[in-house]
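Chain residues, written in single-letter form:
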Amino acid sequence: MEKKMRKIIFILTTSVPVILLLTTSVPVIFSIEKESFYSAQSNRETQVVRGEILVKFKSGVSQSKKMSILTNSNAQIRGGLNKLNIELIKLPAGMSVQEAVEYYRNLTEVEFAEPNYIRKAFATPNDTSYNQQWGLSKIYAEDAWSKVTVSSAIIVAVIDSGVWLSHPDLLLNLTTGYDFVTPDDNPNDDNGHGTHVAGIIAAATNNGQGIAGVAGGNYLSGQTTPGVRIMPVKALGADGMGKDSDISAGIIYAADNGAKIINMSFGGDGYSNVLSTSCSYAYDKGCIMVAASGNDGKEGVAYPAAFNNIIAVGASDQSDKKASFSNYGNNLTSVTLVAPGVGILSTLPNANPGPDPDAMWDSTGYGNSNGTSMATPFVSGVVALLLSQNSNLSFEEVFKTLTKTADDIESPGWDKYTGYGRLNALASLGFSIKVPEEKPSNAPNPFYPNSLVQTKKTTKIYLPQTLRGPSPTLRVYNIAGELVRTVQSNSSSRVEWDGKNDQGDTVANGIYLYVVQTDKGIGQGKVTLIKE
Ligand SMILES: [Ca+2]
Ligand SMILES: [Ca+2]
Ligand SMILES: [Ca+2]
Ligand SMILES: [Ca+2]
């Protein structure tokens, strides 16, 4: 495979045209109605969907009680996320989201109430003319291909604006998806963003046209091996904006329909329980989620990328510098790593896909774009190569592999602009996971889910009978496998963690692994820390 792979035909493209044609005869309403919402938690105004909120009632609240609460406030249930017991509530005219969220949060029957936040696609159409896929050689993709045959059993869900389904460089690698924006089973792209993202992951490679995807297979005649399957899940509209309710429905759909990887090249500032819960749902089903850090060039990573069970991807350029627009962060759980995101050539609709003046398309079917949106699918593509090599890898194992094998750029070691460094596909495939020293191979008894009690202040872990002994030691590790905290307990049956590290600082939200040791043996488990 190795030599032939280099025979990729590069199409020279001009910049993506900005089309200023809006239908005048038929007014097209395609954008989400917005209003602004002030979050005290993040001390920031954010754009949210007008006239809607998302509410989770406490378990045990009866349907009739819910209905009477809604009737009292003149609101209606418009749908929701059944799997998560979350209701999408349509507010009466004149009620602001701010008022509604406060009202519902104060009801004893409500677990949480929050706005339907709007997330946006993180690509910026580009006029600079790069005409090569420099990103593939930068991450040593061609060398990586010689080490692994892409598995078409791997499904990568692209939650985005859809995919241009008739694109000749994509259709060989597509599987069934769904449209959650105008619900039906036709997730065709009316913005162009999703098509660009999908091509970076899995444009058909060696099919004699266009570009090569990171995990696009090998379509050389006579030795065809297909690429990974792209599952187009449309949750962003023609304007590149999406609601948490549609995005969450998309995440659940992807997880329930066999996606192993979920690519999310979008985000927004608002912390959302709805989005966090749907991401945890997919994580619990074994999905590896990869999301964009954001394009504001500021400190602070967008959600969903900022969640700890998601790989957050920033953008780097051809000289291995952080792209100026790439968001960054100040602790170990902000930007995980960076990947090429400036002047990235990929697939586009070959005709105007929709009403948005900034829609991305080019009559050649290819064009350049910039963004953390473009960097994210490079990582998703490499995760697809890793899973092609070993389909059993967990999120933690993938996270560790990518971060340990990234090429260090910018200031030496981990840095807040580029995280652990720039993605290296070849090195990641050669990395073998080392089991942490303390990982027990013969835990006496697994911990049961009810052996852990979390409150706002602490996590209490109750030891099974067989493990109880004097002064148990609790060790807490982050997902990179680094020891965060050691606690010695006075109780023989219980250990307790206050969510702080050994320096006394509160650690970031997310997943932690813990090991409990007594004179009887060692047990381990996982805990998800969520603090407001
Ligand atoms: Ca539709
Ligand atoms: Ca191709
Ligand atoms: Ca993250
Ligand atoms: Ca560095």
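Scroll up for the structure.
Rules of the game
Residues numbered from 1 in each chain as written. Chains lettered and ligands numbered in written order. Predicted model: local features only at pLDDT ≥ 70, side-chain atom pairs only at ≥ 80, totals over all residues. Heavy atoms only, no water. Helix = DSSP H or I, 4+ residues; strand = E, 2+ residues; numbered from the N terminus. Expected span 1.5 Å × (residues − 1). Buried < 20%, exposed > 50% of the residue type's maximum accessible area, 1.4 Å probe, protein only. Axes fitted to C-alpha atoms, helices over the stretch in contact; angles between N-to-C directions. Parallel < 35°, antiparallel > 145°, perpendicular 65-115°, else oblique. Left-handed = near helix turned anticlockwise from the far one by under 90°. Contact = heavy atoms within 4.5 Å. Donors = N, O, S within 2.8 Å, 3.2 Å for Na, K, Ca; no water. Nonpolar A, V, L, I, M, F, W, Y, C, P; charged D, E, K, R; others polar.

Asker: Is there a simple way to think about helix H6 (residues 244-256) in this case?
Answerer: Every α-helical turn comprises 3.6 residues, leaving residues that sit three or four positions apart pointing alike. With 13 residues, H6 ought to run about 18 Å at 1.5 Å a step, and its terminal C-alpha atoms sit 18 Å apart, in line with that. Most of H6 is tucked away, with twelve of its 13 residues classed as buried. Of the positions making up H6, those classed as buried are Asp244, Ser245, Asp246, Ile247, Ser248, Ala249, Gly250, Ile251, Ile252, Tyr253, Ala254 and Ala255. Residue glycine 258 follows H6 closely and has a positive phi angle near 90 degrees.

Asker: What is the right way to look at the packing of helix H8 (residues 372-389) against helix H9 (residues 395-405) in this model?
Answerer: When two helices pack together, their arrangement is given by the angle between their axes and by how far apart the axes lie. Running from N to C, H8 and H9 point in directions that differ by 115 degrees, and their axes come no closer than 11 Å. As the angle between them shows, H8 and H9 are arranged roughly perpendicular. Between H8 and H9 lies a crossing whose hand is right-handed. Contact residues: H8 offers Val379, Val382, Val383 and Leu386, while H9 offers Val398, Thr401 and Leu402.

Asker: I tried to follow the coordination of the calcium ion (ligand 1) on my own but got confused; where do I start?
Answerer: Six octahedral donors around a metal ideally make angles of 90 or 180 degrees; four tetrahedral donors ideally make 109.5 degrees. Every protein donor of the calcium ion (ligand 1) is accounted for by Asp179 (OD), Thr182 (O), Thr182 (OG1), Asp184 (OD) and Asp184 (OD), and the metal-donor separations fall at 2.3 to 2.8 Å. Look at where the donors of the calcium ion (ligand 1) fall in the sequence and you get D-x2-T-x1-D.

Asker: Is there a simple way to explain the packing of helix H5 (residues 193-202) against H8 in this structure?
Answerer: One can describe the packing of H5 onto H8 by two numbers: an axis separation of 8 Å at closest approach and a directional angle of 35 degrees. Crossing of H5 against H8: the hand is right-handed. Residue-level contacts link His193, His196, Val197, Ile200 and Ile201 of H5 to Ser373, Met374, Pro377, Phe378, Ser380 and Gly381 of H8. For the contact of H5 with H8, the per-class residue count stands at six nonpolar, five polar and no charged.

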